[in-house]
Amino acid sequence: MKDAGEVGEVGEGSGSNGNNNGVSKIISAQAGKYIVTVTNEDKTVRVFEAGGLGELSSRTMPKRPCALALTDCDNTLLVADKFGDVYSLPLLPEATPAATPPTTTPKDSEAKRHRTEIAHDLLFTHKLLLGHVSMLTDLASITTTTPEGQKRKYVITADRDEHIRVSRYPQSWVIEGFCLGHGAFVSKVLVPEWAPLEVLSGGGDTWLGRWRWADGKCLQKVEVGGVLEEIVGKRVVGGRESSGAGGGAAEGEGAEGESKDKEEVVKPAVVGIWQVPQRKIIIVAFERIPALLLFTSSPPPDQSLTHHTTIPLPGNPLDLTVDPSTNSFWISLASASSSGEGECPLLQHITLTPNGQWENTTGGDKPAQAAIGQVSGVRYAGDAKVLNDGLLYTTGLLRKGFGKDREE
Amino acid sequence: MSTPTSASPPAKRQKASSGQRTGHRSAYRADPTRQGLPQKKHYRQRAHANPFSDHQLVYPPCPQEMDWSKHFTSTSIEEEEEEEEEEEKRVELADIGCGFGGLIISLPKVLPGVRMLGMEIRTQVTEYVDERIRALRKLEGGEMYGDVGVIRANAMKFLPNFFEKAQLRRVFLCFPDPHFKARKHKARIVSPTLASEYAYVLAPAGIVYTITDVEDLHHWMAKHFDEHPLFERLTGEEVDADVCVAVMRTDTEEGKKVERNGGKKFVACWRRAADPEWVE
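Residues numbered from 1 in each chain as written. Chains lettered and ligands numbered in written order. Predicted model: local features only at pLDDT ≥ 70, side-chain atom pairs only at ≥ 80, totals over all residues. Heavy atoms only, no water.

1. Description of the overall build of chain B
- Across its full length, chain B carries ten helices and seven strands.
- Each of the 280 residues in chain B was classed as buried or not, and the buried ones make up 51%.
- Considering only contacts in chain B between residues 6 or more positions apart, those separated by 24 or more positions represent 79%.
- Entry remark: accessible area of chain B is about 14500 Å², with carbon and sulfur atoms responsible for 50%. (Helix = DSSP H or I, 4+ residues; strand = E, 2+ residues; numbered from the N terminus. Buried < 20%, exposed > 50% of the residue type's maximum accessible area, 1.4 Å probe, protein only. Contact = heavy atoms within 4.5 Å. Areas by Shrake-Rupley, 256 points an atom, 1.4 Å probe, with all protein chains shown as cover.)

2. What about the overall build of chain A?
- When helices and strands are counted, chain A shows four helices and 26 strands.
- Buried positions account for 51% of the 408 residues belonging to chain A.
- Considering only contacts in chain A between residues 6 or more positions apart, those separated by 24 or more positions represent 47%.
- When the accessible surface of chain A is summed, it comes to about 18100 Å², and 52% of that surface belongs to carbon and sulfur atoms.

3. Overview of the pattern of salt bridges
- The full count for this structure, using the stated rule, is 28 salt bridges over all chains.
- For R46 of chain A, the salt bridge goes to E55 of chain A, with nearest N and O atoms at 3.5 Å.
- R46 of chain A gets classed as buried once you look at its relative accessible area, which sits at 18%.
- Here D147 of chain B and K89 of chain B are joined by a salt bridge, their closest N and O atoms 2.8 Å apart. (Salt bridge = Lys/Arg side-chain N within 4 Å of Asp/Glu carboxyl O.)

4. Some remarks on the sheet that holds strand β22 (residues 305–312) of chain A
Residues and elements named next belong to chain A.
- Spatial strand order, β19-β20-β21-β22: four strands in an open sheet with antiparallel pairing. Every other strand in the sheet has two partners, leaving β19 (270–276) and β22 as the edge strands with one partner each. Strand-to-strand twist across the sheet, computed as the mean angle between neighbouring axes with direction ignored, equals 25 degrees.
- Across six bridges, β19 lies against strand β20 (residues 281–286) in antiparallel orientation. Bridged to W274 within β20 is I283. (Pairing = 2+ DSSP bridges. Axes fitted to C-alpha atoms, helices over the stretch in contact; angles between N-to-C directions.)

5. A short note on the sheet that holds strand β23 (residues 316–323) of chain A
All names here are of chain A.
- Spatially, four strands are ordered β23-β24-β25-β26 in an open sheet, and the strand pairing comes out antiparallel. Strands at the two margins of the open sheet, each flanked by one partner only, are β23 and β26 (358–360). Across this sheet, the average inter-strand angle for adjacent strands is 25 degrees, counted without regard to direction.
- Pairing of strand β24 (residues 328–334) with strand β25 (residues 347–352) involves five bridges; the strand directions are antiparallel. Following the sheet pairing, I331 is matched in β25 by Q348.

6. Details of the side chain of T37 of chain A
All names here are of chain A.
- Its location among the elements puts T37 in strand β2 (residues 34–39).
- Given the relative accessible area of 8%, T37 is considered buried.
- Once you skip the residues sitting within four places of it in the chain, T37 turns out to touch V23, K25, I26, T44, V45, R46 and F48.

7. Let's talk about the environment of D365 of chain A
- Assignment of secondary structure puts D365 of chain A in the loop between β26 and α3 (366–375).
- For the pair D365 of chain A and G183 of chain A, spaced 182 residues apart in sequence, the C-alpha to C-alpha distance is 42 Å.

8. A closer look at the packing of helix α5 (residues 155–162) of chain B against helix α6 (residues 192–201) of chain B
Residue and element names in this part refer to chain B.
- Relative orientation of the contacting elements α5 and α6 amounts to 25 degrees, with a least axis distance of 10 Å. One element, α5, and the other, α6, form an angle in the roughly parallel class. When the axes of α5 and α6 are compared, the crossing they make is left-handed. Across the interface between the two elements, M156, L159 and P160 from α5 touch L194, E197, Y198, Y200 and V201 from α6.
- A per-class count over the contact of α5 with α6 returns seven nonpolar, no polar and one charged. (Parallel < 35°, antiparallel > 145°, perpendicular 65-115°, else oblique. Left-handed = near helix turned anticlockwise from the far one by under 90°. Nonpolar A, V, L, I, M, F, W, Y, C, P; charged D, E, K, R; others polar.)

9. Some details on the pairing of strand β16 (residues 217–223) of chain A
Residues and elements named next belong to chain A.
- Both strand β15 (residues 207–212) and β16 contribute to a ladder of six bridges, which runs antiparallel. Along β16, the bridge assignment pairs G209 with K221.
- A loop of four residues connects β15 with β16, the two strands running antiparallel in sequence, and G216 in this loop sits at a positive phi of about 75 degrees.

10. Considering the interface of chain A and chain B
- Opposite the 45 residues of chain A that make contact, chain B presents 46 residues.
- When chain A packs against chain B, close to 4200 Å² is buried across both sides, 55% of that on carbon and sulfur atoms.
- In this structure, the connection of chain A to chain B is made through four salt bridges.
- A salt bridge links K186 of chain B to D85 of chain A; the shortest N-O distance between them is 2.8 Å.
- Here chain A is connected to chain B by 13 residue pairs in polar contact (both at pLDDT 80 or more).
- Looking at the side of chain A that touches chain B, the elements with two or more residues in it are α1 (110–116), β8 (127–131), β10 (151–159), β11 (164–169) and β12 (175–178) of chain A.
- Classifying every residue of the side of chain A that touches chain B by side-chain character gives 14 nonpolar, 13 polar and 18 charged. (Buried area = accessible area lost by both parts, 1.4 Å probe. Polar contact = N/O pair within 3.5 Å; in protein donor to acceptor, adjacent residues only side chain to side chain.)

11. Examining the UniProt feature "binding site: S-adenosyl-L-methionine" (unreviewed entry) in chain B
All names here are of chain B.
- Residues given the UniProt feature "binding site: S-adenosyl-L-methionine" (unreviewed entry) here are G97, E120, I121, N154, A155, C174, T252, E253 and E254.
- Relative to the helices and strands, E120 is located in strand β2 (residues 116–120).
- The class of E120 is buried, set by a relative accessible area of 3%.
- Sequence-distant contacts of E120, that is, excluding residues within four places in its chain, are made with G97, C98, G99, V125, T126, I151, R152 and A153.
- Excluding anything up to four places from it in sequence, N154 contacts P51, L57 and I121. (UniProt positions renumbered as here; feature names shortened; annotations may be inferred.)

12. Notes on the nonpolar core
Residues and elements named next belong to chain B.
- Ranked by internal contacts, the top residues of the largest apolar core, which has 47 residues, are I96, M119, F162, F163 and F231.
- Each residue touching F231, except ones within four places of it in the same chain, is listed here: A195, Y198, A199, L202, V208, F225, W270, R271 and R272.
- Counting residues in each nonpolar core, the second largest holds 35 residues, with L103, I104, L111 and L136 among its members. (Core = buried A, V, L, I, M, F, W, Y, C linked by side-chain atoms within 4.5 Å.)

13. Description of a positive patch on the surface
- Taken together, the side chains of K63 of chain A together with K181, R183 and K184 of chain B define a basic patch exposed on the protein surface.
- By the secondary structure assignment, K184 of chain B is in the loop between β4 (168–174) and α6. (Patch = residues over 30% accessible without salt bridge, like charges linked within 9 Å, V, L, I, M, F, W, Y side chains within 5 Å. Lys, Arg positive; Asp, Glu negative; His and termini not counted. Charge placed at Lys NZ, Arg CZ, Asp CG, Glu CD.)

14. Focus: the environment of R152 of chain A
- Examined against the element boundaries, R152 of chain A turns out to sit in strand β10.
- Taking the C-alpha atoms as reference points, R152 of chain A and R168 of chain A, separated by 16 residues in sequence, lie 8.0 Å from one another.
- Discounting residues that sit within four places of it in the chain, R152 of chain A has contacts with I142, T143, T144 and T146 of chain A together with W278 of chain B.

See below:
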């Protein structure tokens, strides 16, 4: 019911100067009945019916959306954007647009009105739920039931300034609390189906967080630095700044860990956290690290996470989707070579065997072969740097110091 | 290079034109022998700071990890006297965008013993307020400033890093930057979504105070607090009866400036309502 693969046809150029309107997010709703996508350049949320992929609606948001979630039994879409705001939209818009058409305001009062009102002039039903003064990175929606049988809904939002916020829904102006402690940006949050009172988080630190979101208590910091160091063979350093400790913006040059006279270090950046509920397995991927880390959850009440295994990949993981019926998952990949081109397959299929091992089933699986065949022709026509830094690997850029903020 | 002949004129004294750095301010600020209260003119800084940029801020990952001991002097003495683990006095009042600190310097007179914190995003202005508080503490009767502190912070982003839920009883938003352009509405200190964060740090019945000389901004702030379900407006009598309001009108630096220029001041205050019943 959740994510499907990310990064669709990039650079399917219409127009002479190329078009980078890639699909940046894709989820399915109502048990696969609908597919919801976000495209990057035009900031548009589109809903398709899954059968024939007919477009049911197309809604352009005021700012670039960065995450999608569903609530109200999958009838409401939550859209988080890079300006820090979360909007709710009905998954399927009503036949007649309920929103007021562009208000024909008299010109003379215009200037004054603009100072006291925020006019987005969105032509579809929408509600501004909440906002951070920071770039949002991810969001999750939770529905719990009280002992009395009442439904309690929450929205969890994560931002670039290390915050994980828990708000009520739909009374989203009540902030229930924060899960604080990350030393760098938070890029992903996930509420495991088997532990609905917990939220897992990952970002620019060398650990993953396990929190009790109701009161913000950190239950566990799952260290991953050592595991990552084994994979990359370099020192892995987390933290707030893009350069070394205390270095500040002046030193934060270029790509991560490329400082010449210093030891090469790798800065971790979580690109995804996924779950295989039947097996209580958490899968985590890091940017530009060609492997998946699998964690198992111990039985309740402890439910702590332990690193279980590492699955090496032929390329860098971009996104992943779990097929709960077969305990298998699909991963979309990009070539680990810097040119972005290469022999790397774009899709892999991995099955978890009953004895807790995993098996790469890409070869023997017919649907997998068919899917790989379909995407094998996908090539990005533009500049490799634009592809890498602009489209594929944007998580690490959340770390502070890249923008070279000037002190004033 | 050959040495110039003795006839060459002495190097022309660089005349500081407006905006040029001469170093006299930083020299003044760094002088350890300086006595008495600091002078504001040595801490001038431009009026705006971008609340969205990272700056190089120092802030705790969470309120529990904040070390308040270098900002306040009052409880450290008490703690020494009483050996048992007394809970540290908590900040109960925040002046967000405290500027040159006029308000928090005056408030102890009407709110003695209340621990209060000024928050200011501009480094040099913060430094001035800090020096001022330290100097005041040394003067006669300066003990009351032991509960007054200032910190450089971007309160729009990091309020929950400093304060726990419902920790504050009073929040002041005095003469904030109006950010006139509609496009910049999110940079304003009051926005519909940011009001929820003020509600989060305020205890039920806690009060948010606003004052401005920009009428449009007043309407903007009023609109968004009025519309926010967790805030209820204080009546005119309640506002007049509040001991802090008079101080806010007269003792903030901006308030004095508006007074001198004969400008109008718009005051509005709201009470933090209790969290409502859940709706499904």
